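Results of the structural survey
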Amino acid sequence: MDALIFDCDGVLVDSETISIATERDMLTHWGLDYPFEIFVSRFVGLHNRDFHAALAEDAIANGRPLPHDFADQLQARIWQRFETDLRAIEGVLEVSGAFAGAQAVASSSEAPKLVRKLHLTGLHDTFAPHIYSSDLVTNGKPAPDLFLHAAEQIGARPSGCLVIEDSVNGVKAARAAGMTAWGFTGGGHADAGLGTRLKAAGAHDVFASHAEIAAALSS
């Protein structure tokens, strides 16, 4: 492989466990009670604009539209926890150090929030300047646009890129871009069925820790 592209949330930083718990809790109060596996398969990996649009549609269909400032309320509550509780996922630097080619981050997070999360966890300087948000492309994951943009920026052929992803939407995006996708189940949000769902979405292999990924890259 010529290049390594990381998703951020749930791969580099353990943010998904915070976000998902907060989101599901708030949505339950508005009559949107999604089973865990359905929630993560459908929504994890989406840009916030697509996530909140889908929630708004579901709420209308449920007969109880969300307030106009629901997205702001939700993000405020999540970021209160990020500022105090967000951590890098163990072994990230070992994976980065085990790969000699070009590297990038390609995340559905809005650009300012993506940079902030990497700064909070001490990872920003490892990947800068190759940190790319879905804000930069027309279509977010599961479309291939973001991964293709990242590959272009680092001068890599899509077929030579390896993507590390923890979400069904992210794996689908990587495969649509013509890249190799490795699923990651080492985030705090991973349930017992995540690996199976990532495989079904097209992941070529699935790893439970960054130590396993580093070993595979070094072999």
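Heads up: these notes are all about the structure in this document. These numbers were taken from a predicted model, which means no experiment stands behind them. (Residues numbered from 1 in each chain as written. Predicted model: local features only at pLDDT ≥ 70, side-chain atom pairs only at ≥ 80, totals over all residues. Heavy atoms only, no water.)

**Details of the overall build of the protein**
Helix and strand counts for the protein stand at 11 helices and six strands. The C-alpha atoms of the protein give 17 Å as radius of gyration, which agrees with the globular expectation for 219 residues (17 Å, within 12%). Projected onto the principal axes, the alpha-carbon positions of the protein cover approximately 55 × 35 × 35 Å. Across the 219 residues of the protein, 53% fall into the buried class. Residue pairs at least 24 apart in sequence account for 70% of intrachain contacts in the protein once pairs closer than 6 positions are excluded. A total accessible area of about 9300 Å² is found for the protein, and carbon and sulfur atoms account for 52% of it. Here the protein contributes 16 positively and 28 negatively charged side chains, and the mean placements of these two sets differ by 3 Å. (Helix = DSSP H or I, 4+ residues; strand = E, 2+ residues; numbered from the N terminus. Rg over C-alpha atoms; globule rule 2.2 N^0.38 Å. Buried < 20%, exposed > 50% of the residue type's maximum accessible area, 1.4 Å probe, protein only. Contact = heavy atoms within 4.5 Å. Areas by Shrake-Rupley, 256 points an atom, 1.4 Å probe, with all protein chains shown as cover. Lys, Arg positive; Asp, Glu negative; His and termini not counted. Charge placed at Lys NZ, Arg CZ, Asp CG, Glu CD.)

**Points about the state of the cysteines**
Following the criterion strictly, the structure yields zero disulfides and no others. With no disulfide of its own, C8 has C161 as its nearest cysteine by sulfur position, at a separation of 18 Å. Among the residues examined, C8 registers a relative accessible area of 0% and is labelled buried. (Disulfide = S-S within 2.5 Å.)

**What to know about the environment of S167**
Among the structural elements, S167 can be located in the loop between β4 (161-165) and α9 (168-176). Between the alpha carbons of S167 and Y34 there is a distance of 17 Å; along the sequence they are 133 residues apart. Sequence-distant contacts of S167, defined by excluding residues within four places in its chain, comprise V44, G45 and L198.

**A few points about the sheet that holds β4**
Reading across the sheet, the six strands line up as β3-β2-β1-β4-β5-β6 and stay open at both edges, with parallel pairing between neighbours. Because the sheet does not close on itself, it has two edges, and the strands there are β3 (131-133) and β6 (205-207). Recorded for the sheet is a direction-independent mean angle of 25° between the axes of neighbouring strands. Its contacts with the sheet put helix α8 (residues 145-153) on β1 (3-6), β2 (102-107), β3 and β4, and the angle it makes with β3 is roughly 150°. (Pairing = 2+ DSSP bridges. Axes fitted to C-alpha atoms, helices over the stretch in contact; angles between N-to-C directions.)

**Observations regarding the packing of helix α2 (residues 36-43) against helix α3 (residues 48-61)**
With their axes 11 Å apart at the nearest point, α2 and α3 run at an angle of 130° to one another. In terms of axis orientation, α2 runs oblique to α3. Touching F39, R42 and F43 of α2 are F51, A54, L55 and D58, all from α3. In terms of residue class, the contact of α2 with α3 is built from five nonpolar, no polar and two charged. (Parallel < 35°, antiparallel > 145°, perpendicular 65-115°, else oblique. Nonpolar A, V, L, I, M, F, W, Y, C, P; charged D, E, K, R; others polar.)

**Digging into the nonpolar core**
Judged by nonpolar contacts, the single largest core of 45 residues is most densely connected at F6, L12, F39, F43, L55, F127 and I164. Take this core: its biggest share by element is five residues, from helix α4 (residues 70-85). Beyond its immediate stretch of four places on either side in the chain, F43 contacts Y34, F51, A54, L55, D58 and N169. If you look at the next biggest cluster of nonpolar residues, it comprises 25 residues, including A104, Y132, I154 and A181. (Core = buried A, V, L, I, M, F, W, Y, C linked by side-chain atoms within 4.5 Å.)

**As for the packing of aromatic side chains**
In the structure shown here, the tally under the stated rule is eight aromatic pairs. Here the aromatic rings of F6 and F127 are separated by 5.3 Å at their centres, their planes lie at 65°, and the arrangement is edge-to-face. Residue F6 is found in strand β1, and its partner F127 is found in helix α7 (residues 124-127); the two are separated by 121 residues along the sequence. Relative accessible area serves as the criterion here: at 0%, F6 is assigned to the buried category. Note on F127: relative accessible area 2%, which makes it buried. Here the aromatic rings of F39 and F43 are separated by 5.2 Å at their centres, their planes lie at 70°, and the arrangement is edge-to-face. Here F43 and F39 lie together in helix α2, a separation of four residues that amounts to about one turn. Classification of F43 by relative accessible area gives buried; the value is 4%. (Phe/Tyr/Trp six-rings, centres within 6.5 Å; stacked < 30°, edge-to-face > 60°.)

**Considering the environment of V168**
By secondary structure assignment, the location of V168 is in helix α9. Considered as a pair, V168 and T196 are 28 residues apart in the sequence and their alpha carbons are 10 Å apart.

Function cannot be read off these values alone, since they describe shape.
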